Amino acid sequence: MVLRNALDLIGNTPVVALDNITGNIEGRIFAKLEFWAPGLSKKDRVALQVIEDAEKSGRLKPGQPVVELTSGNMGTGLAIVCKLKGYKFIAVISKGNSIERAKMMKAFGAEVVLVDQMPDSIPGQVSGKDLELVEIEAQRLTKELNAFRVDQFCNPSTSRAGEIGVANEIIQQIDERIDAFVDFMGTGGSFIGVTTALKKHFPDIKCFGVEPENARRYSNPQDIGSGKHKIQGGGYNMELPLMTEDKLKLVDGFITVSDEEAIQAARRLACEECIFAGFSAGANLAAALKLLKVDFKGKNIVILLPDSGTKYLSTDLW
Ligand SMILES: Cc1ncc(COP(=O)(O)O)c(C=O)c1O
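The model shown is predicted, which means the values in this text are computed figures rather than measured ones.

Let's talk about the packing of aromatic side chains
Then comes step 1: Tallying each qualifying case throughout the model produces seven aromatic pairs.
Then comes step 2: With a centroid separation of 4.3 Å and an interplanar angle of 25 degrees, the aromatic rings of Phe276 and Trp318 are classed as stacked. Separated by 42 residues along the polypeptide, Phe276 in the loop between helix H9 (259-273) and helix H10 (279-293) and Trp318 in the segment after strand E10 (300-304) bring together distant segments of the chain.
Then comes step 3: Owing to a relative accessible area of 31%, Phe276 belongs among the partly exposed residues under this scheme.
Then comes step 4: Across the ring face of Tyr218, the terminal group of Arg217 is positioned such that the distance to the ring centre comes to 5.0 Å.

Dropping the structure here:
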């Protein structure tokens with residue numbers, strides 16, 4: 001079959017059983033390779049959902065520019081979708097994110113606006129405060145260009161991509177019982193969307209959000225931590241607009257993962273399974289292994305692998 005263009009490469013990602021890693025541990029981990037996409041991340045399908053929903057509702061007009069705040073992956077997804085659908089795309093990104101991300105967006109024809117981090121921030125570690133600076137610039141550009149603002153943190157299309165796309169594929173692809181789903185949260189869109197749909201299909205499934213140990217806004221709201229960590233794409237230590245009260249009721253708990261645990265797990269994915277994924281994939285694997293070793297012995301757990309390890313060649317992950 002010949003595909004129309006790269007948009008047809010989005011979605012229908014494969015699932016791999018991580019049996020080399022689970023080895024002698026009872027239970028299995030099924031990894032959905034969400035980076036199996038033209039932009040090498042889970043955000044390609046989110047970008048497609050957001051743009052097509054906006055087209056259908058008339059919020060995005062033909063030829064209107066598109067602006068978004070991004071840690072890189074959403075920007076890359078939007079760069080691809082906008083290019084192939086004929087919209088100009090402007091990505092606003094913190095200088096704290098890895099340089100591969102900005103380069104990739106530019107390669108797909110996006111305009112990239114880089115925003116300085118706070119004076120006390122660390123390159124490679126984007127904090128909630130750094131994101132606030134990016135947000136101010138994104139708002140300014142949206143107004144100036146009369147652009148369509150994607151607003152991934154508040155846009156319900158973000159979680160719809162998980163609910164109608166990722167979750168349905170999981171249900172069709174895995175013909176074994178699924179006992180748990182864990183996912184590292186940025187906007188929380190994937191976690192909330194997939195959880196909503198899986199809970200309808202498997203009423204007994206347990207769903208856990210994953211956070212960095214040092215950015216535990218939901219795991220430990222009394223003591224949220226410094227917000228500094230290496231797991232790019234999430235852990236912003238802030239209240240997530242998509243995590244409404246009714247969605248929070250669906251959540252069975254939150255698991256924290258340290259930088260070192262995420263890094264070691266990402267390296268195990270490469271070394272033992274030959275799957276080359278990023279920090280947050282490592283965080284999800286580390287969280288799933290914690291569950292399998294104690295409360296979920298002998299159970300089946302699904303995780304997402306959000307992006308490719310090639311996005312971090314300039315970092316200490318490799
Ligand atoms: C690498 C990576 N992991 C995890 C996430 C979090 O995904 P979500 O925004 O669906 O919570 C993102 C989001 O951009 C990401 O880029």
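A few points about the pattern of salt bridges
Then comes step 1: Applying the stated rule across the entire model yields 25 salt bridges.
Then comes step 2: For Asp8, the salt bridge identified is with Arg4, shortest N-O distance 2.7 Å.
Then comes step 3: A residue is classified by how much of its surface remains accessible, and Arg4, at 62% relative accessible area, is exposed.
Then comes step 4: With a closest N to O distance of 3.1 Å, Glu52 and Lys85 form a salt bridge. Remark: Lys85 occurs in helix H3 (residues 73-85) and Glu52 occurs in helix H2 (residues 43-57); sequence separation between them is 33 residues.

Side note on H9
Then comes step 1: Taking 1.5 Å of rise per residue, the 15 residues of H9 would be expected to cover 21 Å, and the 21 Å separating its terminal C-alpha atoms lies within 8% of that figure.
Then comes step 2: Restricting attention to buried positions, one finds in H9 the residues Ala262, Ile263, Ala265, Ala266, Leu269 and Glu273. Around the axis of H9, the buried residues are gathered within 165 degrees of arc, so they sit on the same side.
Then comes step 3: Each element contacted by the buried residues of H9 is listed here: strand E1 (15-17), helix H1 (19-22), strand E9 (253-257) and H10.
Then comes step 4: Downstream of H9 by one or two residues, Cys274 has phi in the positive range, about 55 degrees.

Notes on the pairing of strand E4 (residues 89-94)
Then comes step 1: The buried count for E4 comes to six of six residues, which makes it a mostly enclosed element.
Then comes step 2: Along E4, one buried face is formed by Phe89, Ala91 and Ile93 and the opposite face, lined by Ile90, Val92 and Ser94, is buried too.
Then comes step 3: Of the pairings in the sheet, the one linking strand E3 (residues 66-70) to E4 comprises five bridges and is parallel in character. Across the sheet, Val66 pairs through a bridge with Phe89, a residue of E4.
Then comes step 4: Regarding the hand of the β-α-β motif, the stretch spanning E4, helix H4 (residues 99-107) and strand E5 (residues 111-115) is right-handed.

Rules used in this analysis
- Residues numbered from 1 in each chain as written.
- Predicted model: local features only at pLDDT ≥ 70, side-chain atom pairs only at ≥ 80, totals over all residues.
- Heavy atoms only, no water.
- Phe/Tyr/Trp six-rings, centres within 6.5 Å; stacked < 30°, edge-to-face > 60°.
- Helix = DSSP H or I, 4+ residues; strand = E, 2+ residues; numbered from the N terminus.
- Buried < 20%, exposed > 50% of the residue type's maximum accessible area, 1.4 Å probe, protein only.
- Lys NZ or Arg CZ within 6 Å of the ring centre and 35° of its normal.
- Salt bridge = Lys/Arg side-chain N within 4 Å of Asp/Glu carboxyl O.
- Expected span 1.5 Å × (residues − 1).
- Arc of directions from axis to C-beta.
- Contact = heavy atoms within 4.5 Å.
- Pairing = 2+ DSSP bridges.
- Right-handed = clockwise from strand over helix to strand, strands pointing away.

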